[in-house]
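Structural description and commentary
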Amino acid sequence: IRGGVSMSEPGAVPFVHAPSALEPALHMLEHWLHESVAGGVGFQDGEIVDVGWMTFLVSVDSRGVRVAAPQIGSSPMTFVEDCSTALNLIAAQQYLLDSFGAEASPCSCRQSALVINDLFACDSWFLDRLDPGEGGESGWYVGAHESGLDPGDHRNLGLVSLWDLFSYRPYIGPFLQLPPGWQVSFEERPIVLYQREPVAPYPRSFYTQQYGVA
């Protein structure tokens, strides 16, 4: 304990419990943790770390140093020891980008999105990635096709955390690393657009496996 705060022992790499995680995502997190410790990082109990879009919680106690992940669908955010689902979402986000040959524009689940104020009363959501200065901290705007409000009136807009939006509609999760200029319209199947023109996914990509071919 240093200054009343539990610290990991020098060289102690936090353990990740993720029995059903996809190997690339698990290896990515483990590699990041190993590199951080090798670089002299000592993790504190209760420390929050962002890896990709996801947030993880470090615990230091008599059982050692461990990593916990947010419980998907839980808002406000609570943490569980099994990191599998959180890691699989990180993988899905990368595979979705690969499906369209897009480069990630990183953001965090702890950032906010600009939303139309009647969003949660609507069914047909859409996403529009703007430059971060235009769409809340993350650059995301979340609207709804059947909204009765004018998005051009700033009084009809507000900020909501990406975690809360994802918890309410988990199906938006894989798309949340798309860069500015990209949009997603959630209809019978998600329609991905660039500059408001539909973009075809690569054949046999993650997108086609998950959502089929038009």
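Throughout what follows, the structure given in this document is the object of discussion. A quick note: this is a predicted structure, and the numbers were derived from the prediction, not measured. (Residues numbered from 1 in each chain as written. Predicted model: local features only at pLDDT ≥ 70, side-chain atom pairs only at ≥ 80, totals over all residues. Heavy atoms only, no water.)

Moving on to the overall build of the protein chain. Across its full length, the protein chain holds 4 helices and 12 strands. A compact globule built from 214 residues would reach a C-alpha radius of gyration of about 17 Å, and the protein chain, at 19 Å, matches this within 12%. When the backbone C-alpha atoms are referred to their principal axes, the protein chain occupies close to 55 × 45 × 25 Å. The buried share of the protein chain, taken over its 214 residues, is 48%. Long-range contacts, defined here as pairs at least 24 residues apart, represent 60% of the contacts in the protein chain between residues at least 6 apart. Carbon and sulfur atoms make up 53% of the accessible area of the protein chain, which totals about 10800 Å². Charged side chains in the protein chain number 10 positive and 25 negative. The centres of these two groups are separated by 1 Å. (Helix = DSSP H or I, 4+ residues; strand = E, 2+ residues; numbered from the N terminus. Rg over C-alpha atoms; globule rule 2.2 N^0.38 Å. Buried < 20%, exposed > 50% of the residue type's maximum accessible area, 1.4 Å probe, protein only. Contact = heavy atoms within 4.5 Å. Areas by Shrake-Rupley, 256 points an atom, 1.4 Å probe, with all protein chains shown as cover. Lys, Arg positive; Asp, Glu negative; His and termini not counted. Charge placed at Lys NZ, Arg CZ, Asp CG, Glu CD.)

On to the environment of S75, then. Topologically, S75 is positioned in the loop between β4 (64-70) and β5 (79-80). In this structure the C-alpha to C-alpha distance between S75 and Q94, which are 19 residues apart in sequence, comes to 24 Å. If we ignore the near neighbours within four places in the chain, the residues touching S75 are W163, D164 and S167. Looking at S75, its side chain comes within polar contact range of the side chain of D164, at 2.3 Å. (Polar contact = N/O pair within 3.5 Å; in protein donor to acceptor, adjacent residues only side chain to side chain.)

In a beta sheet, neighbouring strands are held together by backbone hydrogen bonds and run either parallel or antiparallel to one another. Pairing in this open sheet of 7 strands is mixed, and the strands run β9-β6-β8-β7-β10-β11-β12 from one edge to the other. A strand with exactly one partner marks an edge of an open sheet, and here the two such strands are β9 (157-161) and β12 (197-198). As paired strands, strand β11 (residues 190-194) and β12 are joined by 2 bridges and run antiparallel to one another. Residue L193 lies in a different strand from β12, and its bridge partner there is P198. (Pairing = 2+ DSSP bridges.)

With that settled, the discussion passes to the pairing of strand β7 (residues 125-129). Most of β7 sits out of view: 4 of its 5 residues are buried. The pairing of β7 with strand β8 (residues 140-144) spans 5 bridges and is classified as antiparallel. By the bridge assignment for β8, L127 is matched with V142. Strand direction decides the pairing type here: β7 and strand β10 (residues 182-186), joined by 3 bridges, are antiparallel. Each bridged residue has a counterpart across the sheet, and for D128 the counterpart in β10 is Q183.

Before going further, it helps to examine helix α2 (residues 84-100). Helical periodicity: at 3.6 residues per turn, an α-helix aligns residues three or four positions apart in one direction. Under the 1.5 Å per step criterion, the end-to-end length of α2 is 25 Å for 17 residues, consistent within 8% with the ideal 24 Å. Taking burial as the measure, the 17 residues of α2 include 12 buried ones, the bulk of the element. Along α2, the residues that are buried comprise S84, A86, L87, L89, I90, A91, A92, Q93, L96, L97, S99 and F100. Following α2 by one or two positions, G101 has its phi on the positive side, about 65°. (Expected span 1.5 Å × (residues − 1).)

Turning next to the nonpolar core. What tends to happen in soluble globular proteins is that the nonpolar side chains get buried as a cluster. Formed by 60 residues in total, the largest nonpolar core has its most connected members in V16, W53, F56, L87, L127, L165 and L178. For this core, the element with the most residues is α2, which contributes 9 residues. (Core = buried A, V, L, I, M, F, W, Y, C linked by side-chain atoms within 4.5 Å.)

Structurally, R63 can be placed in the loop between β3 (54-61) and β4. A C-alpha to C-alpha distance of 32 Å links R63 and F166, two positions 103 residues apart in sequence. A polar atom in the side chain of R63 sits 2.9 Å from the side chain of E81.

A word on the side chain of D118. With respect to the secondary-structure elements, D118 resides in the loop between β6 (112-116) and β7. Of the side chains with opposite charge, R169 lies nearest to the buried D118, which makes no salt bridge, at 11 Å. Residues in contact with D118, not counting those within four places in the same chain, are S147, G148 and L149. (Salt bridge = Lys/Arg side-chain N within 4 Å of Asp/Glu carboxyl O.)

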